[in-house]
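Working through the structure, step by step
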Amino acid sequence: MAEQNHIILIKNMVCNRCVLVVTEMLKRLHLTPLNVELGKAVVQEELKPDDWKNIKEALEKYGFEWIDDKRMRIIEQIRTAIIELVHYEDNASKLKLSEYLKEKCHYDYSFLSKLFSEVNGVSIEKYYIAQKVERIKELLIYDELSISEIADLLQYSSVAHLSTQFRNMTGMTPSQFSSQFRQVTGMSPSEFKRLKGNKRSPLDKV
């Protein structure tokens, strides 16, 4: 049995709740999930054409999408890996982004970077920064950590180091973090805290 007939690659899975939703969906289709993670599900059964049709239709009902194109599969692997890195694997963020993606996607970073830019019109690095912005928003909403503690959690050496990343998107100097945050999110960190999350974006829309 071909391995690919047991593996389902899925677009727009961005959180642990997505994993639960897909797991239950597969069970309702009378399939046996062996492993479900962000962007991928493995089932025990060898999937037939009718199974793929049913899976595709079921995924779309929940806002997911079955990926059947090789280039798009790789793109989704990159997106999923970055989301995991920024939002769920704080310790892994000590790795260089290029090394992390090479390990996760099993391709040279130069190939991944070129493909991602060609398909999405934005570099991997800018997508990575955009996800970090969403992570910072989330942490500001929790209101449990200072900006300095957030910088430490996300493996920045300092707030200035964190703001340097934003400079690539905003053109601001490292000493103007609040202004940079306003440029990226439309408001300052303190203003964003008062809104309690009204400006957060879904991770699959970043």
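To be clear, the structure that these remarks concern was listed above.
Described below are features of the structure shown in this document. The structure presented is a predicted model; accordingly, all values stated were derived computationally and were not measured. (Residues numbered from 1 in each chain as written. Predicted model: local features only at pLDDT ≥ 70, side-chain atom pairs only at ≥ 80, totals over all residues. Heavy atoms only, no water.)

1. Some points on the overall build of the protein chain
Looking only at helices and strands, one finds ten helices and four strands in the protein chain. Taking as baseline every contact in the protein chain between residues at least 6 positions apart, the subset at least 24 positions apart corresponds to 57%. Taken as a whole, the protein chain presents about 11200 Å² of accessible surface, with 48% of it coming from carbon and sulfur. (Helix = DSSP H or I, 4+ residues; strand = E, 2+ residues; numbered from the N terminus. Contact = heavy atoms within 4.5 Å. Areas by Shrake-Rupley, 256 points an atom, 1.4 Å probe, with all protein chains shown as cover.)

2. Brief notes about the pattern of salt bridges
Summed over all chains, the structure comprises six salt bridges. When the shortest N-O distance is used, the salt bridge between Lys53 and Glu57 registers 2.9 Å. With Lys53 and Glu57 both in helix H2 (residues 49-61) and four residues apart, the pair spans about one turn of that helix. For Lys53, a relative accessible area of 48% translates into the label partly exposed. Of the charged contacts, one joins Asp68 and Arg73 as a salt bridge, the two residues approaching to 3.9 Å between their closest N and O atoms. (Salt bridge = Lys/Arg side-chain N within 4 Å of Asp/Glu carboxyl O. Buried < 20%, exposed > 50% of the residue type's maximum accessible area, 1.4 Å probe, protein only.)

3. Thoughts on the state of the cysteines
Scanning the entire structure with this criterion turns up zero disulfides. Cys15 forms no disulfide, and the closest cysteine sulfur to it belongs to Cys18, at a distance of 3.3 Å. Owing to a relative accessible area of 23%, Cys15 belongs among the partly exposed residues under this scheme. Classification of Cys18 by relative accessible area gives buried; the value is 9%. (Disulfide = S-S within 2.5 Å.)

4. Examining the environment of Gln77
In this structure, Gln77 sits in helix H3 (residues 70-87). Distance in space between the C-alpha atoms of Gln77 and His106 is 10.0 Å, their sequence separation being 29 residues.

5. Details of the pairing of strand E1 (residues 7-11)
One ladder, built from three bridges, connects E1 with strand E3 (residues 40-43); its direction is antiparallel. Note on E3: the bridge partner recorded for Leu9 is Lys40. Pairing between E1 and strand E4 (residues 65-66): two bridges, direction antiparallel. Within E4, the residue paired with Ile10 across the bridge is Trp66. (Pairing = 2+ DSSP bridges.)

It is worth stressing that arrangement in space is one thing and function is another; only the former is reported here.
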